[in-house]
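Here is what each chain is made of, one letter per residue.
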There are 2 protein chains.
Amino acid sequence: MVKREELYVGVDLGGTNVRAAVIDAAGHVLGQEKHRLLSREPPQVAEAVVRAAKTACGAAGMPFTEMKGMGLGVAGWIQKGTGVVMNAPNLGWREVPFLKLVQARAPKLPLWIGNDLSVAAGGERAAGAGRGVDDLLVVLVGSGVGAGIILGGKLHEGASNVAGELGHVMVHPGGRQCGCGQRGCLEAYAGGHNLAAWARDDLRIALAAARAAGQRHPNVGRKLLEIAGEPEKVTAAAMEKAAHEGDELSRRLLEEAGDLLGIALANLITVLNPARLLLGGGVLNGSPRMMRAAIAQVDAHTTKAARLALQITAPELGEQAGVVGAALLARASLALAA
Amino acid sequence: MVKREELYVGVDLGGTNVRAAVIDAAGHVLGQEKHRLLSREPPQVAEAVVRAAKTACGAAGMPFTEMKGMGLGVAGWIQKGTGVVMNAPNLGWREVPFLKLVQARAPKLPLWIGNDLSVAAGGERAAGAGRGVDDLLVVLVGSGVGAGIILGGKLHEGASNVAGELGHVMVHPGGRQCGCGQRGCLEAYAGGHNLAAWARDDLRIALAAARAAGQRHPNVGRKLLEIAGEPEKVTAAAMEKAAHEGDELSRRLLEEAGDLLGIALANLITVLNPARLLLGGGVLNGSPRMMRAAIAQVDAHTTKAARLALQITAPELGEQAGVVGAALLARASLALAA
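Focus on empty space enclosed by the protein
All names here are of chain B. Counted according to the given criterion, the structure contains one cavity of 30 Å³ or more. When its volume is computed, the largest cavity comes out at roughly 30 Å³. Elements represented by at least two residues in the lining of the largest cavity include exactly strand E5 (77-78) and strand E8 (111-115).

Things to note about helix H7 (residues 236-244) of chain B
Residue and element names in this part refer to chain B. If you check which residues of H7 are buried, you get Ala236, Ala238, Met239, Glu240, Ala242 and Ala243. Looking at the packing, one finds that the buried side of H7 touches helix H5 (192-212), helix H6 (222-228), helix H8 (248-272), helix H9 (282-286) and helix H10 (288-301). Immediately beyond the C-terminal end of H7, within one or two residues, lies glycine 246, with a positive phi of roughly 95 degrees.

Re the sheet that holds strand E11 (residues 154-155) of chain B
Residue and element names in this part refer to chain B. Sheet architecture is open: five strands sit in the order E11-E10-E9-E12-E13, paired in mixed fashion. The open sheet terminates on both sides in strands that have one partner only, identified here as E11 and strand E13 (311-313). Here strand E10 (residues 145-151) pairs with E11 via two bridges, running antiparallel. In the strand pairing of E11, isoleucine 150 is matched with leucine 155. Docked against the sheet, helix H3 (residues 116-127) engages strand E9 (136-141), E10, E11 and strand E12 (276-280), running at close to 50 degrees with respect to E10.

Topic: the confidence of the model for chain A
Averaged over all residues, the pLDDT of chain A equals 94, while 98% of them reach at least 70. In the model output, the complex is listed with pTM 0.94 alongside ipTM 0.94.

Description of the sheet that holds strand E1 (residues 8-13) of chain B
Residue and element names in this part refer to chain B. Pairing in this open sheet of five strands is mixed, and the strands run E3-E2-E1-E4-E8 from one edge to the other. Either end of the sheet is taken by a strand with one partner, and the two such strands are strand E3 (29-36) and E8. Across this sheet, the average inter-strand angle for adjacent strands is 15 degrees, counted without regard to direction. For E1 and strand E2 (residues 17-23), the ladder comprises six bridges, and the chain directions are antiparallel. Following the sheet pairing, valine 11 is matched in E2 by alanine 20. With respect to the sheet, helix H1 (residues 42-60) is in contact with E1, E2, E3 and strand E4 (69-74), its orientation differing from that of E3 by roughly 145 degrees.

So, the interface of chain A and chain B
On the side of chain B, 38 residues touch chain A, which itself brings 38 residues to the contact. Taking both sides of the interface into account, the surface hidden between chain A and chain B amounts to around 2800 Å²; carbon and sulfur atoms contribute 62%. Of all residues in chain A, the largest losses of buried area upon contact with chain B belong to A:Met170, A:Val271 and A:Asn273, amounting jointly to 19% of the total for that side. Applying the counting criterion to the chain A and chain B interface returns zero salt bridges. For the pair chain A and chain B, the interface holds 16 residue pairs in polar contact (both at pLDDT 80 or more). Put simply, the parts of the chain that give the side of chain A that touches chain B at least two residues each are strand E10 (145-151), helix H8 (248-272), helix H10 (288-301) and helix H11 (304-308) of chain A. Per-element tally for the side of chain A that touches chain B: the top contributor is H8(A), with six residues. Among the residues making up the side of chain A that touches chain B, the classes are represented as 20 nonpolar, 14 polar and four charged.

Describing the side chain of A:Thr303
On the secondary structure map, A:Thr303 appears in the loop between H10 and H11. Ignoring anything within four residues of it in the chain, the contact list for A:Thr303 reads A:Thr270 and B:His168.

Observations concerning the packing of H7(B) against H8(B)
Residues and elements named next belong to chain B. Where H7 meets H8, the axes come as close as 7 Å, and the angle between the chain directions of the two elements is 120 degrees. As the angle between them shows, H7 and H8 are arranged oblique. Considering the relative orientation of H7 and H8, their crossing is left-handed. Seen from H7, the contacting residues are Met239, Glu240, Ala242 and Ala243; seen from H8, they are Ser250, Arg251, Leu253 and Leu254. Among the residues making up the contact of H7 with H8, the classes are represented as five nonpolar, one polar and two charged.

Side note on the relation of the copies chain A and chain B
For these two chain copies, the linking operation is a rotation about an axis paired with a shift along it. Superposing chain A onto chain B requires a rotation of 180 degrees together with a translation of 0.0 Å along the rotation axis, leaving an RMSD of 0.1 Å. Put plainly, the chains are arranged around a two-fold axis. Relative to the rotation axis, the closest C-alpha in chain A is found at A:Leu268, a distance of 3.7 Å.

Notes on the pattern of salt bridges
Residue and element names in this part refer to chain A. Scanning all chains against the criterion turns up 31 salt bridges over all chains. Salt-bridge contacts for glutamate 230 lead to lysine 233; the nearest nitrogen and oxygen are separated by 3.5 Å. Residue classification places glutamate 230 among the partly exposed residues on the basis of a relative accessible area of 34%. A salt bridge links glutamate 248 to arginine 251, with the shortest nitrogen-to-oxygen separation between them at 2.7 Å. Taken as a pair, glutamate 248 and arginine 251 lie in helix H8 at a separation of three residues, close to a single helical turn. In this structure glutamate 248 comes out as partly exposed when scored by relative accessible area, which is 43%.

Observations concerning the domain arrangement of chain A
Reports often express the size of an interface as the amount of accessible area lost when the parts come together. Residue and element names in this part refer to chain A. Examined at the domain level, chain A breaks down into domain 1 (4-125 + 319-337) and domain 2 (133-314). Just the C-alpha atoms count here: the centres of domain 1 and domain 2 sit 29 Å apart. Counting from both sides, the interface comprises 14 residues of domain 1 and, opposite them, 20 residues of domain 2. In this assembly, domain 1 packs against domain 2 so that about 1300 Å² is buried in total across both faces, 61% of it on carbon and sulfur atoms. By the criterion of area lost to domain 2, the three top residues of domain 1 are Lys80, Leu117 and Arg125, representing 45% of everything that side buries. In this structure, the salt-bridge partner of aspartate 134 is arginine 125, at a minimum N-O distance of 2.7 Å. One can count six residue pairs in polar contact (both at pLDDT 80 or more) joining domain 1 with domain 2.

Cut-off values and rules
Residues numbered from 1 in each chain as written. Chains lettered and ligands numbered in written order. Predicted model: local features only at pLDDT ≥ 70, side-chain atom pairs only at ≥ 80, totals over all residues. Heavy atoms only, no water. 1 Å grid on protein atoms, 1.4 Å probe; cavity = no way out; pocket = protein on both sides within 12 Å on 5 of 7 lines; lining within 4 Å. Points joined across faces, edges and corners; volume = space filled by probe spheres on them. Helix = DSSP H or I, 4+ residues; strand = E, 2+ residues; numbered from the N terminus. Buried < 20%, exposed > 50% of the residue type's maximum accessible area, 1.4 Å probe, protein only. Contact = heavy atoms within 4.5 Å. Pairing = 2+ DSSP bridges. Axes fitted to C-alpha atoms, helices over the stretch in contact; angles between N-to-C directions. pLDDT = per-residue confidence, 0-100. Buried area = accessible area lost by both parts, 1.4 Å probe. Salt bridge = Lys/Arg side-chain N within 4 Å of Asp/Glu carboxyl O. Polar contact = N/O pair within 3.5 Å; in protein donor to acceptor, adjacent residues only side chain to side chain. Nonpolar A, V, L, I, M, F, W, Y, C, P; charged D, E, K, R; others polar. Parallel < 35°, antiparallel > 145°, perpendicular 65-115°, else oblique. Left-handed = near helix turned anticlockwise from the far one by under 90°. Least-squares fit on C-alpha atoms with pLDDT ≥ 70 in both. Domains from an automatic or database assignment.

Below you can see the structure in the form of structure tokens.
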């Protein structure tokens, strides 16, 4: 028999989907729900969040009114104290008072809000591959690149809640344009969309050069072009497949992106000396080549003493990390506040 | 009247000098002592530490036996739990059980040991320019480059006590040889000894080129050579002076070192989002040019949100930071353990 007073609902809000789950104190999922967002208008999204939470409660056989609290993980910068989403590129939001919008639809429920990497790190530490690890980095490489940081057993969110922006460390001054407005950020190379755009740029150059030389196919990237069909359809997954089949352009870019990621990681590990690094996310999981390159750079460039203290492994919770972490961080944080 | 039970003695052990001071709860120095190390043999250094502590007590008019505890700051890697100095390049030590050697000479005194950057950060936070700041970086650029890290109000020393090695982040893969055995570390450019060596290398090349062309003086670095006398005598201070008098070589290297430091700082600030950065140390204090270059890079490359939350200022305690921090960290840590 589950004690009702121990149950929290966790919500993971991405740019496309909202997930919700009822989570017990051990981080187990008792019931869950996932649906697509039909609108990105903040009030509609707040509706969708509460609806998903209620459906997850139904699936767990628990009334929504008996939840002790709700944790929300949002991919974006959340202002400390107010719960205002200052910036969430995936949702196209700026300064959206999201916590208030949700609170208006669930008036009595204690709420907690944090960013997606923080909840992933909290989830992995409580119930995943970071169990019992006090100094833990969780680095996810998907369309974005980010880090969840736990130091001394506590989530580190920074002075204004923007810690963990590993995607925006400078790896190449004056380099490729990043979505953030800067040039040469790690994410401009290793983030999924940017990696594919980088390959498309190189492919277009190769195509133009081939045509100028009277050839139909470029020498570099030919395999990638075959797999993708046309430059516009190149993805990170297509690059990995092409590299596996001998495509030099794809191999080079995946390894370069992995190298840049690995050096950024090595530098962070040298300074923070964590006990464990969980390395995952859609792009890295889809590209063993990029993963190998990144780990090789960590091995080569981290100080020996910091490398010796470090284990590198994969996150365990996968897509569940967000809902589990949001619920467990809500529990920890709301219990402290009570 | 000072309550005796509140007094701790702090010791700062460098490669050349040992300093000791009696510190009250507010971080005030009640009495102090500084003397040169006559030997680097661990037992003699332990003797010198206890002697300096006793002399500082005498200067404060307090018996050594009434100290509540002693804190030791050592420039090096100190093993967690054991107090063994695993590696202290300035002292030429490897795996020296230094805490034990000191304890044998002060059998009843509770001891605490930490590295020099940690004690500097602890001192600045307790009684210097980091007062009341929970997320604080203290970065000192002298012959070495290092960071003391306080996050969430707690000193962050890492899983194996080697956090803060900012001097050994990789800024130039395959670049200049660093004392640690790696190539391209920040310290290989910005550390005082390495910066001077870099200038000497470039000067020698310029000299050889000038002679091959039948000229007596090189075009680049002429002013630096005049000021230093010969390449072997170049120092960071001479470079700053020469740059001030128009020497292009000195200007370029100081700015390049500042740029590399600034990018490493920007990346760390982007990921950690601290509220304050204290930036100092002998080399930076002696080279406004390098300091300006570093801060310009921080301004240019830190994410906007992290830069907005950050104040940059100078450490306040200067040479006192070590003794004050060692005493206050000993107080905090021994009080917790009691």
